[in-house]
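Reading the structure
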Amino acid sequence: MFGNYKKAGRGDFMNVMCYSEQRVRGVLQFLFPKAHHSGLEELSTLPTFPHTASTVTMSETTITLKRTGDKMPVVGFGLWKVTKATCADTVYNAIKAGYRLLDGAGDYGNEKEAGEGLRRAIADGIVKREDVFVTSKLWNTFHAHDHAKALAKHQLQLWGIDYFDLFLVHFPISLEYVDPSHRYPPEWWGDDGKVHLAKVPLQETWTAMEELVDEGLAKNIGLSNTQGSLLLDVLRYARIEPQVLQVEIHPYLTQEALVKLAAIHGIAVTGYSSFGPQSYVELGAHKGASSLLEHDSIAQIASKNNKTPAQILLRWAVQRGLAVVPKSNNHERLVSNLQVTSFSLSEDEIKAISALNINLRLNDPVDLDPRMDIFA
Ligand SMILES: NC(=O)c1ccc[n+]([C@@H]2O[C@H](COP(=O)([O-])OP(=O)(O)OC[C@H]3O[C@@H](n4cnc5c(N)ncnc54)[C@H](OP(=O)(O)O)[C@@H]3O)[C@@H](O)[C@H]2O)c1
């Protein structure tokens, strides 16, 4: 995985009563369909595997974030591995096709081009800035307080916008600082090709993230690639709690416990790499996993619903109460990926897809360096 991953160059709920009530109820209903949720104390007595189709109604296209009430689109466009050369046009066309969330990151190396596409769409009157939910992420080499703030400002300049709707800590891994004027994005490695860990605790980074909110540079802040114990630790000291958790979720890695924990704390979850191994094939990093898009169970459900396998994978996630951010460099696929909020899968179909879980994690920094086993 290392070589190709390195070459590829990138690391990589709904109207509320409010979120903390309706969303938690919704996800819990998904998790425990037969239970009546009068309170979270019931959790301990409930069965432990999620299957039902009843959490997300067919018309739901946004998730309302708890702290701000901001509406985060359920389906967004992922920018990882969208090439610089095509990025501005792809983003412009994605917005024209109806996407209202762009999922970027400093590490993707295409923020300037993504910003060009967004600003062109605004200039052409397709959208206003406030119509598009822009997400970006802070890379590992910038976790120190002052670096985090400086980088967020640099990233906003690249996009050519005044604020991010959501800014995430990309990984709970701190690496040695690399000056952006020397190399940007710095990826995982120093000039010597080795990973250099840095001793910046996440609390320091989180304080900087909160100050970005204070200064109006980020409307919402959150975490990515973070599991339960660390999430709970952030909640102990957070003045501004994480609003969104973005993690790898697909039928080979269903992550029920983490999704449940986030729901209990009123944190919306975005599942990335919805198509599982597909995104990692081009990196030679799919770990030998068979395609989900060609899986018999998915193909059968797709055929029965007159949808594509990709739409079934996305709908499975959305129906679990997750947001998704599929990426495609192909316009036809990009358009069809957006069309997953107007049909429903049956409870049995959801169950059959969830049963494919093999806890296969494709995006795992331990594959780059054993000291970075954040999911151990
Ligand atoms: N927070 C993190 O650490 C992290 C990590 C990974 C990803 N992400 C985010 O999540 C987004 C999505 O994840 P991802 O990029 O890993 O993968 P993905 O969206 O699950 O899959 C992308 C792959 O599937 C193909 N594809 C897209 N639509 C398709 C369709 N309808 N039918 C068949 N194939 C299709 C794409 O090829 P074509 O382009 O040729 O269509 C590409 O090879 C990223 O872009 C990024 O924004 C975040």
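Residues numbered from 1 in each chain as written. Predicted model: local features only at pLDDT ≥ 70, side-chain atom pairs only at ≥ 80, totals over all residues.

With that settled, consider the confidence of the model for the chain. Residue-level pLDDT values for the chain average 88, and 84% of them are 70 or greater. Contacts of residues 1-10 to residues separated by more than four positions or lying in other chains number 20 contacts, the stretch itself having pLDDT below 50. The low-confidence segment residues 13-26 (pLDDT under 50) makes 34 contacts with residues lying over four places distant or belonging to another chain. (pLDDT = per-residue confidence, 0-100. Contact = placed C-beta atoms within 7 Å.)

The environment of the ligand is formed by 29 residues, the closest being Gly78, Trp80, Tyr272, Ser279 and Ala310. Mapped by element, the contributors of at least two residues to the shell around the ligand are α9 (278-281) and α12 (331-337). Among the elements that line the shell around the ligand, the one with the most residues is α12, at 3 residues. By residue class, the composition of the shell around the ligand is 8 nonpolar, 16 polar and 5 charged. (Near = placed C-beta within 6 Å. Helix = DSSP H or I, 4+ residues; strand = E, 2+ residues; numbered from the N terminus. Nonpolar A, V, L, I, M, F, W, Y, C, P; charged D, E, K, R; others polar.)

Here the focus is helix α11 (residues 309-319). A turn of α-helix holds 3.6 residues, and therefore any two residues three or four places apart point the same way. Most of α11 is tucked away, with 10 of its 11 residues classed as buried. Inspection of α11 places Pro309, Ala310, Ile312, Leu313, Leu314, Arg315, Trp316, Ala317, Val318 and Gln319 among the buried residues, and these make up the whole buried set. At the exit of α11 stands Gly321, carrying a positive phi of roughly 90°. (Buried ≥ 20, exposed ≤ 12 C-beta atoms within 10 Å, placed from the backbone.)

Okay, the sheet that holds strand β5 (residues 133-138) next. What the 8 strands build is an open sheet, ordered β3-β4-β5-β6-β7-β8-β9-β10; its pairing is parallel. Here the strands that pair on one side only, and so sit at the sheet edges, are β3 (77-78) and β10 (323-324). For strand β9 (residues 268-272) and β10, the ladder comprises 2 bridges, and the chain directions are parallel. The residue of β10 that forms the bridge with Gly271 is Val324. (Pairing = 2+ DSSP bridges.)

What follows covers the environment of Gly216. With respect to the element layout, Gly216 can be found in the loop between α6 (202-214) and β7 (218-224). In sequence terms Gly216 and Asp165 are 51 residues apart; their C-alpha atoms lie 9.8 Å from each other.

Time to look at helix α13 (residues 347-354). Taken together, the buried positions of α13 are Glu349, Ile350 and Ile353. One side of α13 carries all its buried residues, which in axial view fall inside an arc of 100°. (Arc of directions from axis to C-beta.)

One recurring pattern in soluble globular proteins is that nonpolar side chains are buried together. Ranked by internal contacts, the top residues of the largest apolar core, which has 80 residues, are Leu102 and Phe167. The leading source of residues in this core is α11, at 7 residues. Apart from the residues within four sequence positions on either side, Phe167 is in contact with Ser136, Leu138, Ala152, Met209, Leu212, Ala218 and Ile221. Ranked by size, the runner-up nonpolar core spans 5 residues in total, among them Phe171, Ile173, Leu175 and Met372. (Core = buried A, V, L, I, M, F, W, Y, C linked by C-beta atoms within 7 Å.)

Turning our eyes to something else, we now look at the packing of helix α10 (residues 296-305) against α11. Remark: α10 packs on α11, axes separated minimally by 8 Å, with the N-to-C direction vectors making an angle of 95°. Between α10 and α11, the angle is such that the two are roughly perpendicular. Where α10 approaches α11, its residues Ile298, Ala299, Ile301, Ala302 and Asn305 are matched on the opposing element by Pro309, Ile312 and Leu313. In the contact of α10 with α11, the residues fall into 7 nonpolar, 1 polar and no charged. (Axes fitted to C-alpha atoms, helices over the stretch in contact; angles between N-to-C directions. Parallel < 35°, antiparallel > 145°, perpendicular 65-115°, else oblique.)

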